[in-house]
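Each chain is listed here by its residues.
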Amino acid sequence: MINEKIKQVVKELKAGNLVLIMDDKDRENEGDLVCAAEFASTENVNFMATHAKGLICMPMSKKIATKLDFKPMVTNNTDNHETNFTVSIDYKDTTTGISAVERGTTARMCVKDDVKAEDFRHPGHMFPLVAKSGGVLERGGHTEAVVDLLKIAKLKECGLCCEIMREDGTMMRGKELIKFADKYKIPVITVKEIREYRKKYEMLVDKVANVNLPTKYGMFKAYCYVNKLTKKEHLALVMGDISNQDEVLCRIHSECLTGDVLGSLRCDCGNQLEEALKEIAKNKSGILLYMKQEGRGIGLVNKLKAYELQENGYDTVEANLKLGFDSDMRDYYESAQILKDLGVKKVELLTNNPDKIEQLNHYGIEVMERREIETPTNEFNEGYLLTKKSKMNHILNI
């Protein structure tokens, strides 16, 4: 469904038409009309000014902004979402620069191959915004969403966007935006859908090393992968020949320094890691993905802070929420991409966590069977495991 929506939006952008991008509900929760800068016609600009009524801005890649020497508007950005405005611009051949005709001209000139920095006056009536290099996976703003969509469409990485206001001057949101889009037959996409498309279809991890790794469980081939955006390092341990298997035995294990290395009894991670390696060795083939997402994705420091809260009466879910995180911050698109790179399409998954199964299926790895990986409880982790069962739907026999 997301793929089809992206295809429709891309088709409209390439045809020179407007699309509507809706923000995440927990962010600004607004909608922007968008077009490619190379198709910034008088009609598109005038429609934005007339019907959207917000500030018409120009999201662009850092490469374009650097080429044209568009410098930051301020040295200390105190905007609520750190929107990266540059100094405003007009193209040199415009007059006042404010008409729809001339704003369109300024926008189109920004993506001309032979345009130069000195071809623009400062200040002006168009407002460039510089997108983060990681796009919506780094920052969930309309700026990044516009540039990401243009990249997907294989258009030049500069567009126009304009917030949509109601007739009374307040911001239009939610169902009102859908009605607006229906009225003018404009396709709608959300920032979340762009984010999910990229995680599903764009290769975001690089394989940077592979070595033989002899262990007490047997010989593994160790592959190191690095996320291109976050630079997080993940490890894939592969035993045996997995190339001709219909489904591969697999464990996705989140890094846990305290449990895996120090033998902490507050969780079951160390025991699960050992059990998974034993099962793979017994099977004489399989994959263990060791993913850098400590503390269900909140990191070591915050995990220890959560432990402190747990010592004061909070359970593991409540502690994460108290610290300002979701109960589980992990995302398994990297795991799916690593498995695909290893030539794996179907797995038998060692897990008690149904979220892993759901996410892997979503990202294109078919989970054919779930194999439980439950280890004995102790006085220190029983409450933790009961919370995972009752609040996070883990499949446990306690």
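Residues numbered from 1 in each chain as written. Predicted model: local features only at pLDDT ≥ 70, side-chain atom pairs only at ≥ 80, totals over all residues. Heavy atoms only, no water.

Per an unreviewed UniProt entry, the protein goes by the name Riboflavin biosynthesis protein RibBA and belongs to Ligilactobacillus salivarius.

Some words on empty space enclosed by the protein
Heads up, the rule is: Lining residues are defined by having an atom within 4 Å of a point belonging to a cavity or pocket. Those points lie on a 1 Å grid over the protein atoms alone, cavities being sets where a 1.4 Å probe fits but cannot get out and pockets being open sets with protein on both sides within 12 Å along at least five of seven lines. Grid points are joined across faces, edges and corners, and a volume is the space filled by probe spheres set on the points. Comment: elements are numbered from the N terminus, with helices defined as DSSP H or I runs of at least four residues and strands as E runs of at least two. Each residue gets one label: Ala, Val, Leu, Ile, Met, Phe, Trp, Tyr, Cys and Pro are nonpolar, Asp, Glu, Lys and Arg are charged, and the others, such as Gly, are polar.
In the structure shown here, the tally under the stated rule is one cavity of 30 Å³ or more. By volume, the largest cavity amounts to about 390 Å³. As for the largest cavity, its lining consists of 29 residues, and the residues nearest its centre are C269, R296, R330, Y384 and K388. Those elements giving two or more residues to the lining of the largest cavity turn out to be β11 (248–254), α9 (269–283), α10 (294–297), α11 (300–310), α12 (316–322) and α15 (382–392). Looking at the lining of the largest cavity, its residues break down into nine nonpolar, 12 polar and eight charged.

A short note on the UniProt feature "binding site: GTP" (unreviewed entry) in the protein
To keep things clear, this is the line we draw: UniProt positions are given in the numbering used here, feature names are shortened, and annotations may be inferred rather than shown by experiment. The rule is simple: take the accessible area with a 1.4 Å probe, protein chains only, and divide by the maximum for that residue type; under 20% is buried, over 50% is exposed, in between is partly exposed. Any two residues whose heavy atoms approach within 4.5 Å at even a single point are treated as in contact. Counted as a polar contact is a pair of N or O atoms within 3.5 Å, where, for protein atoms, one must be capable of donating a hydrogen and the other of accepting one, and residues adjacent in sequence contribute only when both atoms are in side chains.
According to UniProt, the "binding site: GTP" (unreviewed entry) feature falls on R251, I252, H253, S254, E255, Q272, E294, G295, R296, T316, T351 and K356. Judged by maximum C-alpha separation, these annotated positions cover 106 residues in sequence and are scattered in space, the widest gap reaching 22.8 Å. From the set just named, the residues that line the largest cavity comprise R251, H253, S254, E255, Q272, G295, R296, T316, T351 and K356. Within the secondary structure, R251 sits in strand β11. For R251, a relative accessible area of 4% gives the class buried. If near-sequence neighbours (up to four positions away) are discounted, R251 is found in contact with Q272, A276, I287, L288, L289, L350, T351, K356 and I373. Side-chain polar atoms of R251 contact the side chain of Q272, separated by 3.1 Å. Of note, I252 is situated in strand β11. On the basis of relative accessibility, which here comes to 0%, the residue I252 falls in the buried class.

A word on the sheet that holds strand β3 (residues 53–60)
The following threshold applies: Paired strands, as defined in this entry, are two strands with at least two bridges between them according to DSSP. Note on definitions: angles span 0 to 180 degrees between N-to-C directions of axes, and those axes are lines fitted to C-alpha atoms, for helices only across the stretch in contact.
Strand order in the open sheet formed by seven strands is β4-β5-β3-β6-β2-β1-β7, with mixed pairing between adjacent strands. Pairing within the sheet leaves two strands with one partner each, and these edge strands are β4 (89–91) and β7 (188–190). Within the sheet, the average angular offset between the axes of one strand and its neighbour, ignoring direction, is 45°. Pairing of β3 with strand β5 (residues 120–130), which is carried by four bridges, proceeds in the parallel orientation. Its bridge partner lying in β5, P59 is registered against L129. Contacting β1 (19–22), β2 (31–36) and β7, helix α1 (residues 2–14) runs over the sheet at an angle of about 120° to β7. Contacting β2, β3 and β6 (159–164), helix α2 (residues 42–52) crosses the sheet at an angle of about 135° to β3.

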